[in-house]
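Geometric and topological summary
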Amino acid sequence: MPVIYPGQMIGIIGNDQRAFLLALAAKKMGYKVAMIVNAQIQDTPLASILDAQVEGDPNQYADLARLGDICQVLTYTDELLDETLLEQLAQNYYLPQGSSVLSVTQDRYLERVFLDDLNINIPPSTTVVDVEDIQQGIDSIGYPCILKPIQKGFGKQYQRFIKEPADLDQLTDFLQLGSYLLESWIPDAQELSVMVAKDVQGDLTVLPIVENDYQDHQLRLSIVPARIDQTVAAEINRLANLIGQKLDYVGVFGIEFFLTPDMNIYVKRLVPTPHISGNVLERTLNFSQYEYHLKAICQLALGEARLNNAGVTLNIQEASLPLVKTQMKIKPDWYFNLYHLQDRQQFGSLTAIGAAVNPLLEKLEAADLYHA
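Residues numbered from 1 in each chain as written. Predicted model: local features only at pLDDT ≥ 70, side-chain atom pairs only at ≥ 80, totals over all residues. Heavy atoms only, no water.

The chain is annotated in an unreviewed UniProt entry as ATP-grasp domain protein from Latilactobacillus fuchuensis. The heading Pathway (unreviewed entry) in the UniProt record of the chain holds the text "Purine metabolism." (UniProt positions renumbered as here; feature names shortened; annotations may be inferred.)

Here it is in structure tokens:
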């Protein structure tokens, strides 16, 4: 497997903000970038920075192969790609991430089997296919709980929060996607994530732990360093190393956690690509998660992760764009990144850095952005 040096071509499979930021990082490092481009992103900033474009569909092997023909290495940011297509692609082109990880991360049941085999704490859950199964599951795990399709990728409209017996009456016509996972709801949990870089030799670099705030299933705010004690941090780092050693993967992947008020840690899910919550590291770490990902798949030295500043990143929604544009005129020390990708709820992000987290949060509150 050859080292991929700057000046060579990297093919990125995906068209979301992670693909955009990965492409920007690759260009910054001196690489050329190619992607499969369709009409949806043809006129976006993402398409404008590419050195080569393949018109087509990333769900068609012929188009993936055309991308592979012009690149020295391929990588993906779309965690819902067809594993079979990527497996075929990896047989003929250099795809260090591989495809087998997707069989674990796309299926909530298999993901839990993988984690359970490692004796990792996960929220109690059971599989269900009909309303009777749901009642039996609740008898086992109790209220409240949340019902999710086994296969990931379906929107929040396909999930149901079950708080009390009366909620079961609304589920008779709901179970239309085959198998579901019924999972205990973890109340008042702090949400955390960590990015892990793994190279082709299997060596790991665990990046700093990030604290996250979600609103209506959307990541709104990421904070680094996470406001947790050292015992929790040490355990999360242990879990990250354990998962990283067992996961068949090269590049940066994410792990999300729940931390309960009584300090119990649950793994929420695995993300087989760089994760949006790691974007806060771009301005606070010696290398961004995207640079670590590129170094891993190109076989460059990873090195240790060094946190230089505290930081908060707010993901920008369309409704808050007017307020954000005002802040762009009066906040010279904030970093703004507008993606302008079509059909996306998140239009960009802003990041503030400093010596400590709380003053940064106070500035966001004062600007009336955090709850905008």
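Regarding the overall build of the chain
Within the chain one finds eleven helices and 17 strands. Relative to its length of 372 residues, the chain is compact, with a C-alpha radius of gyration of 21 Å against a globular reference of 21 Å. The buried share of the chain, reckoned over its 372 residues, is 54%. Here the contacts in the chain between residues at least 6 apart in sequence split such that 64% fall between residues at least 24 apart. In the form shown here, the chain has an accessible surface area of approximately 16,400 Å², with 47% of it arising from carbon and sulfur atoms. Averaged over its 27 positive side-chain charges, the chain has a centre that lies 8 Å from the centre of its 46 negative ones. (Helix = DSSP H or I, 4+ residues; strand = E, 2+ residues; numbered from the N terminus. Rg over C-alpha atoms; globule rule 2.2 N^0.38 Å. Buried < 20%, exposed > 50% of the residue type's maximum accessible area, 1.4 Å probe, protein only. Contact = heavy atoms within 4.5 Å. Areas by Shrake-Rupley, 256 points an atom, 1.4 Å probe, with all protein chains shown as cover. Lys, Arg positive; Asp, Glu negative; His and termini not counted. Charge placed at Lys NZ, Arg CZ, Asp CG, Glu CD.)

Some words on the side chain of Gln106
Take Gln106: it is sitting in the loop between helix H5 (100-105) and helix H6 (108-117). The class of Gln106 is buried, set by a relative accessible area of 15%. Engagement of the side chain of Gln106 in a polar contact is seen with the backbone oxygen of Glu79, the distance being 3.1 Å. (Polar contact = N/O pair within 3.5 Å; in protein donor to acceptor, adjacent residues only side chain to side chain.)

As for the packing of helix H3 (residues 61-69) against helix H4 (residues 83-92)
It is the contact of H3 with H4, at a shortest axis distance of 10 Å, that shows an interaxial angle of 35°. In the crossing of H3 with H4, the sense of the turn from one axis to the other is right-handed. Contact residues: Tyr61, Leu64 and Ala65 in H3; Leu85, Gln88, Leu89 and Asn92 in H4. Among the residues forming the contact of H3 with H4, the class breakdown is five nonpolar, two polar and no charged. (Axes fitted to C-alpha atoms, helices over the stretch in contact; angles between N-to-C directions. Left-handed = near helix turned anticlockwise from the far one by under 90°. Nonpolar A, V, L, I, M, F, W, Y, C, P; charged D, E, K, R; others polar.)

Some details on helix H9 (residues 289-297)
Burial analysis of H9 places nine of its nine residues in the buried class, the great majority of the element. Those residues of H9 that sit buried are Gln289, Tyr290, Glu291, Tyr292, His293, Leu294, Lys295, Ala296 and Ile297. Looking at the buried positions of H9, the neighbouring elements they touch are strand S1 (9-13), helix H1 (17-28), strand S4 (73-76), strand S9 (190-198), strand S10 (204-206) and strand S13 (251-259). Where H9 terminates, the next one or two residues include Gln299, which has phi positive at roughly 65°.

Focus on the pairing of strand S12 (residues 218-224)
Counting buried residues along S12, six of its seven residues qualify, which places the element largely inside the surrounding structure. Taken together, the five bridges between strand S11 (residues 210-215) and S12 define a ladder with antiparallel strand orientation. The residue bridging Asn212 from the neighbouring strand is Ser222, located in S12. Counting the residues between successive antiparallel strands, the hairpin from S11 to S12 contains two residues, one of them, Asp216, with a positive phi of roughly 55°. The pairing of S12 with strand S15 (residues 310-317) spans four bridges and is classified as antiparallel. Residue Ile223 lies in a different strand from S15, and its bridge partner there is Val312. (Pairing = 2+ DSSP bridges.)

Focus: helix H10 (residues 321-330)
All buried positions along H10 are accounted for by Leu321, Val324 and Gln327. What you see down the axis of H10 is that its buried residues fit within an arc of 115°, all on one side. Every exposed residue of H10 that faces more than 90 degrees away from the buried side is listed here: Pro322, Lys329 and Ile330. (Arc of directions from axis to C-beta.)

As for the domain arrangement of the chain
As assigned here, the chain comprises domain 1 (9-95), domain 2 (124-184) and domain 3 (190-366). Here the C-alpha centre of domain 2 lies 36 Å away from the C-alpha centre of domain 1. (Domains from an automatic or database assignment.)

Observations regarding a nonpolar patch on the surface
Where nonpolar side chains cluster on the molecular surface, the patch consists of Tyr109, Leu110 and Val113 and spans about 240 Å² of accessible area. Structurally, Tyr109 is set in helix H6. (Patch = residues over 30% accessible without salt bridge, like charges linked within 9 Å, V, L, I, M, F, W, Y side chains within 5 Å. Salt bridge = Lys/Arg side-chain N within 4 Å of Asp/Glu carboxyl O.)

Structural notes on the side chain of Glu291
Take Glu291: it is sitting in helix H9. Polar contacts involving the side chain of Glu291 include one to the main-chain amide nitrogen of Ser288, which spans 2.8 Å. Residues within four places of Glu291 in sequence aside, it is in contact with Ala25, Lys28 and Met29.

Focus: the pattern of salt bridges
Across all of its chains, the model carries 15 salt bridges by this definition. A salt bridge links Asp216 to Lys156, with the nearest nitrogen and oxygen atoms 2.4 Å apart. Separated by 60 residues along the polypeptide, Asp216 in the loop between S11 and S12 and Lys156 in the loop between strand S6 (145-149) and strand S7 (160-162) bring together distant segments of the chain. For Asp216, a relative accessible area of 53% gives the class exposed. Look at Lys156 and you get partly exposed, because its relative accessible area is 40%. For Glu191, the salt bridge is made with Lys268, and the minimal N-O distance between the two is 2.8 Å. Of the two residues, Glu191 sits in strand S9 while Lys268 sits in strand S14 (residues 265-271), which places them 77 residues apart along the sequence.

Focus on unusual backbone geometry
Each neighbour pair has its own omega, and for Tyr143 with Pro144 the value is -15°, a cis peptide bond. Along the chain, the position of Pro144 falls in the loop between helix H7 (131-141) and S6. Note that the residue after Val224, namely Pro225, is joined by a cis bond; omega there is 0°. In this fold, Pro225 is placed in the loop between S12 and helix H8 (230-246). Here Met263, not a glycine, exhibits a phi torsion of approximately 70°, which is positive.

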